[in-house]
Amino acid sequence: MERPKIGVFSLTGCGGDQLMILNLEDVLLDLLSYFDIKDFQEISSFKEDSDLDIAFVEGSVSTKQDLRKLKEIRARCKMLIAIGNCAISGGIQAMKNGQMEILERMKRVYGIEEDIYGVLEPKGLSAYVKVDLEIPGCPIEKEETLRAITSILHGDMPDQFDYPVCVECKLKEYPCVLIEKNLPCLGPIIVAGCGARCPGLGLPCIGCRGPIKEEANAAAELEVLLSKGYDEEHIVNLMRIFCANFGEIKKITEIIRRRSGKGRQE
Amino acid sequence: MNRERRIEIAEITRVEGHGRVEVIIEGNRIRDVKMAIFEGPRFFEALVEGVRYDIVPDIMRRICGICTASHSLASIRAIEKAFNIIPTKQTELLRDLLIHGEVIESHALHLFMLALPDYLGFPDVIRMARKHPEMVKAALMLKKAGNLVHNIVSGREVHGMNDMIGGFSKVPNEEELLKIRKAMEESKRTAQLAVDLFVRAGTPKFVESENILMALDPGEKFGYIGDYVTISTGDYYPVEEYEKLTNEKSVDYSHARLSTYRGSPFMVGALSRLLLNGKKLSGTARELFKEQKDLLTHRNSLMNNLAQSIEIVHCVERCIEDIDALLSTGLVDEVVEIEPRARRGVGAVEAPRGVLYHDYTFDEDGRVVKANVITPTAQNMANIEKDLRIATQRLINQPDEKIKRVLEQIVRAYDPCISCSVHLMRIKS
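On a predicted model such as this, the values are computed, not experimentally measured, just so you know.

**Student:** So what exactly am I meant to see when it comes to the domain arrangement of chain A here?
**Tutor:** Often the size quoted for an interface is simply the accessible area lost on bringing the parts together. Residue and element names in this part refer to chain A. Examined at the domain level, chain A breaks down into domain 1 (5–153) and domain 2 (165–260). Here the C-alpha centroids of domain 1 and domain 2 sit 25 Å apart. Contacts between the two partners involve 18 residues from domain 1 and, on the opposite side, 18 residues from domain 2. Taking both partners together, domain 1 and domain 2 bury about 1300 Å²; carbon and sulfur atoms supply 44% of that area. For Glu144, the salt bridge goes to Arg209, with nearest N and O atoms at 3.0 Å. If you look at where domain 1 meets domain 2, you find eleven residue pairs in polar contact (both at pLDDT 80 or more).

Pasting the structure below:
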């Protein structure tokens, strides 16, 4: 059987998702041997401009250059897989989307007005091109990624989680940090697959896998956290760390902005 | 005849992030050397503005996937200093363990998977593994031992969450620490193998020149956490005065903003740490440092690879030492009261690539008013350009391909983390 031709690419991000693939130390060399790697800048100087069966892409589209690169990748691959939250929804750098103009962010951090970067408001890949599969997480989970890759090698599409972190948390019989410790846990609206890692350590879920698609009831979560005594601004900041580009969270930001009467720039 | 010759490496490979090198030569004179960054900016300092202190480390540790625990600890230490929180002895030991584990993971990745293929003549570790399968497997196990520390102490390999302001949410138990200890015992041989490999591979001398070195003073013992910066010029500063040391400015020959100390480029990272603090090493690492003293000169930045390999030996031994110290007193759950204050705090650690500063100012409710982060790669950038210039001058009569290979090898020796550095760098479009 001919080995699938693959490329692993990164746009704007921390490199953590590619790194999670390299962190599959026990199986890494075997795993890579199943593929014909045509482009993997982080670990290889070998590069071939050929068509690809699969492209793995991490990072958000945050510059015009990212967008050009993404379109080139899409044009040369049969299957495009977004790995990690930056590639799915813009990730943490999208946190202030809709709250602070990207050029304002640049001015505050670099003290410059002129757009020398060609910056774009950070977004996920699917805002611009067709994405065939999304593997969530900040960072992605090793086991889930390995399962997905194995399924694809067998010609199947992997199963995706469609229930919240709370389900895994209950299955593991962890004490509920929201009810018992009054911590601002986002577990009810965040997609499972991490094995409720944070509640297992006695910490609240901060949402690094992103919301359950179509089903996250962010308004109800907001009410629960308000009843626990958290202030609105903090709750919104918390929800926005990983989910700022999602409709439900955008709506909530807007409601709270109106309620508090704060005229933040849009 | 002043014909212009242009040498360009369109994308540096086997480094974290996206960068480009461009050299312009006129006749026998180098007109311009640029290490240009085209990684997208993320503006972390703007992201945390107005955010309450308790989620600041969760945001800031995501600056980097590789040195995530370093960012985490620098961030936590800055907040603790602002709020006047003194960590317990147990917390200090667990943090020491965590950062030593991170250095093992990061250095093992860099040395075996990214740098060594240069020395052995392979385009990557995958092809190197076909010829040297046992060595690569051993290297992966060494890397895994470092990651085990991340997993157990911070909660996972990348962007852990268990290390927090005041200490740790869940203190590791004895069984978990013994698991790390066993992995470290089993890694000792591979750690020393790295030193042998880089000594035998020989290190080229095409960048030999004076370098100013900078590192945190780790206190009594060699390590990665400290509150003062020591410099090879003999100067010594509290980390709060870091702006005097990093002194960023734009220069006309490059689009990058460069860090200089008193007008000169300087170097941070493993070589600087060993040469400034090596006398504080103990055990096998101390022996190896003494043995390789002649090779480890401040005049050759490429020796950073060899320095990293000796650091791995140190880190493996230190993890065992920290675990023994933790087990001898027994582990306890600790609760620390946190009271926000309207103050500024600067926290620094030695990340695998060098000194890393986080600086926050809070309002009275503990919300960030102002944030600033200076990464080691940003500090090294001016020195990298200096070395690229020197090497090009020495190799000026060589063909472009040869020069390109050398320039890429120089950049790689600094183990740059471009994703981290980018919030300080101007890109060249």
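**Student:** Just checking my understanding: could you explain the domain arrangement of chain B for this structure?
**Tutor:** All names here are of chain B. Assigned domains within chain B: domain 1 (4–37) and domain 2 (45–421). A C-alpha centroid distance of 26 Å is found between domain 1 and domain 2. Contacts between domain 1 and domain 2 engage 26 residues on the former and 34 residues on the latter. Three residues stand out in domain 1 for area buried against domain 2, namely Arg14, Glu16 and Met35, and they jointly supply 32% of the buried area on that side. On inspection of domain 1 and its partner domain 2, the count reaches two salt bridges.

**Student:** Looking at this structure, how should I read the interface of chain A and chain B?
**Tutor:** With 62 residues of chain A in contact, the opposing surface of chain B contributes 69 residues. If you sort the residues of chain A by the area they bury against chain B, A:Glu25, A:Gln41 and A:Tyr110 come out on top, with a joint share of 12%. Between the two partners, chain A and chain B, sit five salt bridges. Residues B:Arg367 and A:Glu233 are paired through a salt bridge, measuring 3.8 Å at the closest nitrogen-oxygen approach. Counting across the interface, chain A meets chain B through 23 residue pairs in polar contact (both at pLDDT 80 or more). Going through the elements one at a time, helix H1 (16–22), helix H2 (28–33), strand S4 (61–63), helix H3 (64–76), helix H5 (102–110), helix H9 (197–200) and helix H11 (232–243) of chain A are the ones with two or more residues in the side of chain A that touches chain B. In terms of residue class, the side of chain A that touches chain B is built from 33 nonpolar, 17 polar and twelve charged.

**Student:** Explain the side chain of B:Asn305 to me, please; I cannot follow it from the model alone.
**Tutor:** Residues and elements named next belong to chain B. The topology assignment puts Asn305 in helix H11 (residues 304–329). Within the local environment of Asn305, its side chain forms a polar contact with the side chain of Tyr119, the two groups lying 3.0 Å apart. Sequence-distant contacts of Asn305, that is, excluding residues within four places in its chain, are made with His110, Leu111, Ala115, Tyr119, Phe198 and Ala413.

**Student:** It is not clear to me how the packing of helix H6 (residues 133–154) of chain B against helix H7 (residues 174–201) of chain B should be interpreted in this structure. Could you clarify?
**Tutor:** Helix-helix packing is described using two parameters, namely the angle between the two axes and the distance between the axes. Residues and elements named next belong to chain B. Interaxial distance between H6 and H7 falls to 9 Å at its minimum, and their mutual angle equals 140°. You can see that H6 and H7 cross each other, and the crossing is left-handed. Residue-level inspection shows Met135, Ala138, Ala139, Met141, Leu142, Ala145, Gly146, Leu148, Val149, Ile152 and Val153 of H6 in contact with H7, the latter providing Glu176, Lys179, Ile180, Ala183, Met184, Ser187, Thr190, Ala191, Leu193 and Leu197. Tallied by class, the residues present in the contact of H6 with H7 amount to 16 nonpolar, three polar and two charged.

**Student:** Whenever I open this one, the environment of B:Ile212 confuses me. Can you help?
**Tutor:** All names here are of chain B. Residue placement: Ile212 occurs in the loop between H7 and strand S6 (214–217). Residues Ile212 and Phe266, spaced 54 residues apart in sequence, show a C-alpha to C-alpha distance of 4.7 Å. Discounting residues that sit within four places of it in the chain, Ile212 has contacts with Ile231, Ser232, Thr233, Ser264, Pro265, Phe266 and Met267.

**Student:** Help me understand helix H6 (residues 142–153) of chain A, please; the structure alone is not making it clear to me.
**Tutor:** Helical geometry: 3.6 residues make up each α-helical turn, so side chains three or four residues apart lie on a common side. Residues and elements named next belong to chain A. Taking 1.5 Å per residue as the helical rise, H6 with its twelve residues ought to reach 16 Å, and the 16 Å between its terminal C-alpha atoms agrees with that figure. Buried residues along H6 sit against H1, H2, strand S3 (52–58), strand S5 (77–83) and strand S7 (133–135). Gly155 occupies a position one or two residues after H6 and carries a positive phi of about 85°.

**Student:** In this structure, what is going on with the layout of surface pockets? I would like to understand it.
**Tutor:** One water molecule sets the probe size; rolling that probe over the atoms shows where empty space is left. In this structure, the largest pocket spans a volume of roughly 990 Å³. As for the largest pocket, its lining consists of 34 residues, of which A:Leu183, A:Leu203, B:Met164, B:Ile165 and B:Ile338 are closest to the centre. Broken down by secondary-structure element, the contributors of at least two residues to the lining of the largest pocket are H11 of chain A together with helix H2 (56–60), strand S4 (163–164) and strand S5 (167–168) of chain B. Taken together, the residues of the lining of the largest pocket sort by class into 19 nonpolar, six polar and nine charged. Along its surface, the second largest pocket is lined by 26 residues, and B:Arg77, B:Glu92, B:Pro218, B:Ile225 and B:Gly226 are the ones closest to its centre. Counting only elements with at least two residues in the lining of the second largest pocket, the list comes to helix H3 (68–83), helix H4 (89–120) and H11 of chain B. With five residues, the single largest contributor to the lining of the second largest pocket is H4(B).

**Student:** Please explain the nonpolar core as it appears in this structure.
**Tutor:** The tendency in soluble globular proteins is for nonpolar side chains to be buried as a group. All names here are of chain B. Core analysis: the biggest nonpolar cluster contains 188 residues, and Leu97, Phe112, Ile180 and Ile410 have the highest contact counts within it. By residue number, the principal contributor to this core is H4, which donates 16 residues. In this structure, Ile410 is in contact with Phe206, Val207, Leu302, Asp387, Leu388 and Ala391, ignoring residues within four places of it in sequence.

**Student:** Explanation requested: the packing of helix H12 (residues 376–394) of chain B against helix H13 (residues 400–413) of chain B in the structure shown.
**Tutor:** All names here are of chain B. Contact geometry for H12 and H13: axes closest at 10 Å, N-to-C directions at 155°. On the basis of their axis angle, the class for H12 and H13 is roughly antiparallel. Here H12 runs over H13; the crossing is right-handed. Counted together, Ile384, Asp387, Leu388, Ala391 and Thr392 of H12 and Ile403, Val406, Leu407, Ile410 and Val411 of H13 form the full contact between these two elements. Partitioning the contact of H12 with H13 into residue classes produces eight nonpolar, one polar and one charged.

**Student:** Sorry, what's going on with a nonpolar patch on the surface here?
**Tutor:** The grouping of A:Tyr163, A:Val167 and A:Leu171 at the surface amounts to a nonpolar patch, some 280 Å² of accessible area in total. The residue A:Leu171 is located in helix H7 (residues 165–171) in this model.

**Student:** Looking at this structure, how should I read H12(B)?
**Tutor:** Residue and element names in this part refer to chain B. Compared with the 27 Å implied by 1.5 Å per residue over 19 residues, the 27 Å span of H12 between its first and last C-alpha is a close match. Along H12, the sharpest change in direction is near 35° and occurs at Ala382. Among the 19 residues in H12, 16 count as buried, and that is most of the element.

Rules of the game
Residues numbered from 1 in each chain as written. Chains lettered and ligands numbered in written order. Predicted model: local features only at pLDDT ≥ 70, side-chain atom pairs only at ≥ 80, totals over all residues. Heavy atoms only, no water. Domains from an automatic or database assignment. Contact = heavy atoms within 4.5 Å. Buried area = accessible area lost by both parts, 1.4 Å probe. Salt bridge = Lys/Arg side-chain N within 4 Å of Asp/Glu carboxyl O. Polar contact = N/O pair within 3.5 Å; in protein donor to acceptor, adjacent residues only side chain to side chain. Helix = DSSP H or I, 4+ residues; strand = E, 2+ residues; numbered from the N terminus. Nonpolar A, V, L, I, M, F, W, Y, C, P; charged D, E, K, R; others polar. Axes fitted to C-alpha atoms, helices over the stretch in contact; angles between N-to-C directions. Left-handed = near helix turned anticlockwise from the far one by under 90°. Expected span 1.5 Å × (residues − 1). 1 Å grid on protein atoms, 1.4 Å probe; cavity = no way out; pocket = protein on both sides within 12 Å on 5 of 7 lines; lining within 4 Å. Points joined across faces, edges and corners; volume = space filled by probe spheres on them. Core = buried A, V, L, I, M, F, W, Y, C linked by side-chain atoms within 4.5 Å. Buried < 20%, exposed > 50% of the residue type's maximum accessible area, 1.4 Å probe, protein only. Parallel < 35°, antiparallel > 145°, perpendicular 65-115°, else oblique. Patch = residues over 30% accessible without salt bridge, like charges linked within 9 Å, V, L, I, M, F, W, Y side chains within 5 Å. Areas by Shrake-Rupley, 256 points an atom, 1.4 Å probe, with all protein chains shown as cover. Bend = angle between axes of the 7 residues up to and from the residue.

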